[in-house]
There are 2 protein chains.
Amino acid sequence: MTIRIGIMGYGNLGRGVECAVKQNPDMELAAVFTRRDPKSVKILTEGVPVYRADEAKNMTDRIDVLILCGGSATDLPVQTPEYAKYFNVVDSFDTHAKIPEHFANVDKAAKEAGKIAVISAGWDPGMFSLNRAYANAVLPNGTDYTFWGKGVSQGHSDAIRRIKGVKDARQYTIPVDSALEQIRAGKTPKLTTREKHTRECFVVAEEGADKARIEHEIVTMPNYFDEYDTTVHFITEEELKRDHAGLPHGGFVIRNGKTGWNLEHNHVIEYSLKLDSNPEFTTSVIVACARAAYRMKQEGVSGCKTILDIPPAYLSAKSGEQLRKELL
Amino acid sequence: MTIRIGIMGYGNLGRGVECAVKQNPDMELAAVFTRRDPKSVKILTEGVPVYRADEAKNMTDRIDVLILCGGSATDLPVQTPEYAKYFNVVDSFDTHAKIPEHFANVDKAAKEAGKIAVISAGWDPGMFSLNRAYANAVLPNGTDYTFWGKGVSQGHSDAIRRIKGVKDARQYTIPVDSALEQIRAGKTPKLTTREKHTRECFVVAEEGADKARIEHEIVTMPNYFDEYDTTVHFITEEELKRDHAGLPHGGFVIRNGKTGWNLEHNHVIEYSLKLDSNPEFTTSVIVACARAAYRMKQEGVSGCKTILDIPPAYLSAKSGEQLRKELL
């Protein structure tokens, strides 16, 4: 019996789920749902149908887990509680501050329907959260640090694109090496926003646009850039396409903690990711969570879960015996 | 209600558990059990009794989780199944090849008694296993690497001490930097034992001992040293005490994996530990597992578990709500 996966929304994340399913022989792609005209959506997997989003609810008997590939701003707050009435679902809701509210809404819907909903799957929230939680549980006396990058921030790239005279842009978030080195050496500095990350922008200006003004608007933009040291490079559209087409990302979660009767021993726990493709890694985590959702459902569990609630073994295609023999 | 912890065996691990319990306000140390004369065992916590090991079985109503601090070679294979008949237990059984057998024995005893037994808690097996399992689940198409060190290997230090003419010794296992760098760059080399780690030995020779012979016996010792590049330094007893008294350790778990329709994207997941005190970090993990054992027992679960079976949230003193708000 393979786990039948449905994809709701076919953008970067939807395509990532499709690629991840291909790598997991215990899963198969059952259907893709889209808000666009299904005829206009060309997917990679041969023989798998594309349907209109509103047709999903008629296919509850053909899909074990529906993966919601919408955005966190407006799609998922509506979609996840709605589809949890009909399906086991997984989303990658990543607005950290709103997770408690989203959890409550989804939990209610999933419990009423007897379904499992895994929210906030990905790497932050997701693998980074796991590592923060483990490190805090093991070293209760300590200090946490999370750094992001080097990688493309889509939110910051979009913010630059909204500036008048900007044709296209790509923004990289970069951790400050000297801060990382201090922390790795066991120190626990209090770091300002500026001391943790820098921002580097590659901007294609429209012909005749005032580059000095664009640069000024970027580096002084509240919330996005004003608290950072930001560098701006103007490049051509060809250069942007050639050198900045990918969506790499990554980062570091570090906890420095102390043990011993008089807290005399120091420990550094570090988890890091270096990702060529942010959406494909995110969806690789999502797909593992879909497996866990399927298993929890089979055990009769229902309600909303995060990766912090999932026994690690449930994410793996290997049996408990294999895991103990090969990986423990 | 605090979780009442018992410690069976008061060596480095037992003392580490005692220190860790002090840092976790939801726990208290109820008793220490020893095979030595209890009067000869001085513990750090005031007011906590020390009993003979064979008295433990009369105290099942005073201890929620008994932590077994014996060795993996001869103690735990007997102790863990035996005490799982009477207590929820946690051990740090670390003979990787014998884990399946140990699991089966402990699972039988714990299930019959309706108790929870968590085995192989620590960092390898333990936190390293978790990271291998997560990385494998997320990136099914990839290559695993585990490096240990820089740190003191007690087994290798003991092996040197058994050589004639050696008074004392300390052995450090050291990962080969160039191998780590290759892997971090996304490469997946096949590495020999020699290419992964070097071994550095600090030896105190007895007066008049033949140092050349001792060095030769070390570097050619089968299993322990012959497959490694090993350096031997002869030092004085004072130097050993002054410079090599600690038990630092650590290491790296790295998985390089590929995603994408044609596996065109590479990802590097790295987890690393830098520990001032191997036993104190090990016991910090053990104590978090004791909390999880207590919770699973309260939910009516029984049998043998490893850290791969434990929902991460169960290890933490924080509530699900707190975890979602603060760490997710």
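Residues numbered from 1 in each chain as written. Chains lettered and ligands numbered in written order. Predicted model: local features only at pLDDT ≥ 70, side-chain atom pairs only at ≥ 80, totals over all residues. Heavy atoms only, no water.

**Q** Explain the overall build of chain A here, please?
**A** Within chain A, the regular secondary structure consists of eleven helices and 14 strands. The globule rule puts the C-alpha radius of gyration for 328 residues at 20 Å, and the 22 Å found for chain A is close to it. With the principal axes as the frame, chain A shows a C-alpha extent of 65 × 60 × 35 Å. Per-residue burial for chain A yields a buried fraction of 57% across its 328 residues. A separation threshold of at least 6 residues defines the contact pool for chain A, and within that pool the share at least 24 residues apart is 69%. (Helix = DSSP H or I, 4+ residues; strand = E, 2+ residues; numbered from the N terminus. Rg over C-alpha atoms; globule rule 2.2 N^0.38 Å. Buried < 20%, exposed > 50% of the residue type's maximum accessible area, 1.4 Å probe, protein only. Contact = heavy atoms within 4.5 Å.)

**Q** Hey, could you run me through the packing of helix α2 (residues 75-83) of chain A against helix α3 (residues 99-113) of chain A in this one?
**A** Axes are the key here: two packed helices are described by the angle between their axes and the distance separating the axes. All names here are of chain A. At a closest axis distance of 8 Å, the pairing of α2 and α3 adopts a crossing angle of 20°. The angle between α2 and α3 falls in the class roughly parallel. Crossing handedness for the pair α2 and α3: right-handed. Contacts between α2 and α3 involve Leu-76, Pro-77, Thr-80 and Pro-81 on the former and, on the latter, His-102, Asn-105, Val-106 and Ala-109. (Axes fitted to C-alpha atoms, helices over the stretch in contact; angles between N-to-C directions. Parallel < 35°, antiparallel > 145°, perpendicular 65-115°, else oblique. Left-handed = near helix turned anticlockwise from the far one by under 90°.)

**Q** Would you take a moment to explain the pattern of salt bridges for this structure?
**A** Opposite charge on two side chains permits them to pair, given that their charged atoms come into close proximity. Across all of its chains, the model carries 38 salt bridges over all chains by this definition. Of the charged contacts, one joins Arg-255 of chain A and Asp-144 of chain A as a salt bridge, the two residues approaching to 3.1 Å between their closest N and O atoms. With Arg-255 of chain A in strand β12 (residues 249-259) and Asp-144 of chain A in strand β7 (residues 142-148), this residue pair connects regions lying 111 residues apart in the sequence. For Arg-255 of chain A, a relative accessible area of 3% translates into the label buried. Residue Asp-144 of chain A is classed as partly exposed on the basis of its relative accessible area, which comes to 29%. For Lys-85 of chain B, the salt bridge is made with Glu-82 of chain B, and the minimal N-O distance between the two is 3.1 Å. Accessibility expressed as a relative area gives 44% for Lys-85 of chain B, which makes it partly exposed. Taken together, the salt bridges that share partners define one network made up of Lys-57, Glu-82 and Lys-85 of chain A. (Salt bridge = Lys/Arg side-chain N within 4 Å of Asp/Glu carboxyl O.)

**Q** It is not clear to me how the sheet that holds strand β11 (residues 229-234) of chain B should be interpreted in this structure. Could you clarify?
**A** Residue and element names in this part refer to chain B. Taken together, the four strands give an open sheet; going across it, the order is β8-β9-β10-β11, and neighbouring strands pair in mixed fashion. Of all strands in the sheet, those bounded by a partner on one side alone are β8 (151-152) and β11. Of the strands in this sheet, β8, β9 (166-175) and β10 (197-205) are in contact with helix α5 (residues 154-161), which crosses β9 at around 145°. (Pairing = 2+ DSSP bridges.)

**Q** Any chance you could explain the interface of chain A and chain B here in plain terms?
**A** Accessible area lost upon the coming together of the parts is a frequently used measure of interface size. The interface is formed by 71 residues belonging to chain A together with 70 residues belonging to chain B. For the pair chain A and chain B, the two sides together bury roughly 6000 Å², of which 63% comes from carbon and sulfur. Applying the counting rule to chain A against chain B returns zero salt bridges. Counting every contact that joins chain A to chain B gives 27 residue pairs in polar contact (both at pLDDT 80 or more). No other element matches strand β13 (residues 265-275) of chain A, which puts eleven residues into the side of chain A that touches chain B. Its residues assigned to classes, the side of chain A that touches chain B shows 35 nonpolar, 20 polar and 16 charged. Where β13 of chain A and strand β13 (residues 265-275) of chain B come together, nine bridges link them in antiparallel fashion. (Buried area = accessible area lost by both parts, 1.4 Å probe. Polar contact = N/O pair within 3.5 Å; in protein donor to acceptor, adjacent residues only side chain to side chain. Nonpolar A, V, L, I, M, F, W, Y, C, P; charged D, E, K, R; others polar.)

**Q** Could you clarify how one ought to interpret the pairing of β13 of chain B in this entry?
**A** Across a regular strand the side chains alternate sides, sitting on one face of the sheet and then on the other. All names here are of chain B. Across the eleven residues of β13, nine count as buried, placing the element largely inside the fold. In this sheet, β13 lies alongside strand β12 (residues 249-259) in antiparallel orientation, the contact comprising eleven bridges. Each residue of the ladder has a partner; that of Gly-250, found in β13, is Lys-274. In textbook terms, the turn of a hairpin is the stretch between consecutive antiparallel strands, and for β12 and β13 this stretch comprises five residues, one of which, Gly-260, has a positive phi near 105°.

**Q** What exactly am I supposed to notice about the side chain of Thr-34 of chain B here?
**A** Relative to the helices and strands, Thr-34 of chain B resides in strand β2 (residues 27-34). Thr-34 of chain B gets classed as buried once you look at its relative accessible area, which sits at 3%.

**Q** I would appreciate a short explanation of the sheet that holds strand β6 (residues 116-118) of chain B in the present structure.
**A** Working definition: the strands of a sheet are paired by backbone hydrogen bonds and lie parallel or antiparallel to each other. All names here are of chain B. Spatially, β3-β2-β1-β4-β5-β6-β14 is the arrangement adopted by the seven strands of the open sheet, whose pairing is parallel. Each having just a single partner strand, β3 (50-52) and β14 (303-305) make up the two edges of the open sheet. Within this sheet the neighbouring strands show an average axis-to-axis angle of 25°, counted without direction. Two strands pair when backbone bridges link them, and strand β5 (residues 88-90) and β6 are joined in this way by two bridges, in the parallel orientation. Of the residues in β6, the one forming a bridge with Val-90 is Val-118. Contacting β1 (3-8), β4 (65-68) and β5, helix α2 (residues 75-83) runs over the sheet at an angle of about 175° to β4. Lying on the sheet, helix α10 (residues 278-298) is in contact with β1, β2, β4, β5, β6 and β14; it crosses β6 at an angle near 155°.

**Q** Explain the state of the cysteines to me, please; I cannot follow it from the model alone.
**A** Put plainly, two cysteines are in a disulfide when a covalent bond ties their sulfur atoms together. Residues and elements named next belong to chain A. One pass over the full model with this rule turns up zero disulfides over all chains. Looking at the unpaired Cys-69, the closest cysteine sulfur is the one in Cys-19, lying at 12 Å. Judged by relative accessible area, Cys-69 falls into the buried class, the value being 12%. (Disulfide = S-S within 2.5 Å.)

**Q** Please clarify how the packing of helix α1 (residues 12-23) of chain A against helix α10 (residues 278-298) of chain A should be interpreted in this entry.
**A** Residue and element names in this part refer to chain A. Direction vectors running N to C along α1 and α10 enclose 60°, while the axes themselves pass 8 Å from each other. Judged by the angle between their axes, α1 and α10 are oblique. Note that α1 runs across α10; the crossing there is right-handed. Residues Asn-12, Leu-13, Gly-16, Val-17, Ala-20 and Val-21 of α1 pack against Pro-279, Glu-280, Thr-282, Thr-283, Ser-284 and Val-287 of α10. Residues belonging to the contact of α1 with α10 are distributed by class as follows: six nonpolar, five polar and one charged.

**Q** Would you mind going over the packing of aromatic side chains with me for this structure?
**A** Aromatic ring pairs are defined here through the distance separating the ring centres and the angle between the ring planes. All names here are of chain A. Enumeration over the complete set of coordinates arrives at nine aromatic pairs over all chains. Aromatic side chains Tyr-172 and Phe-202 sit 5.7 Å apart centroid to centroid with 85° between the ring planes, which places their arrangement in the edge-to-face category. With a gap of 30 residues between them, Tyr-172 in strand β9 (residues 166-175) and Phe-202 in strand β10 (residues 197-205) connect regions that are remote in the sequence. Judged by relative accessible area, Tyr-172 falls into the buried class, the value being 7%. Three or more aromatic residues link up through ring pairs in this structure, and these residues are Trp-123, Phe-128 and Tyr-271. Taking NZ or CZ as reference, Lys-150 lies 5.1 Å from the ring centre of Tyr-172, over its face. (Phe/Tyr/Trp six-rings, centres within 6.5 Å; stacked < 30°, edge-to-face > 60°. Lys NZ or Arg CZ within 6 Å of the ring centre and 35° of its normal.)

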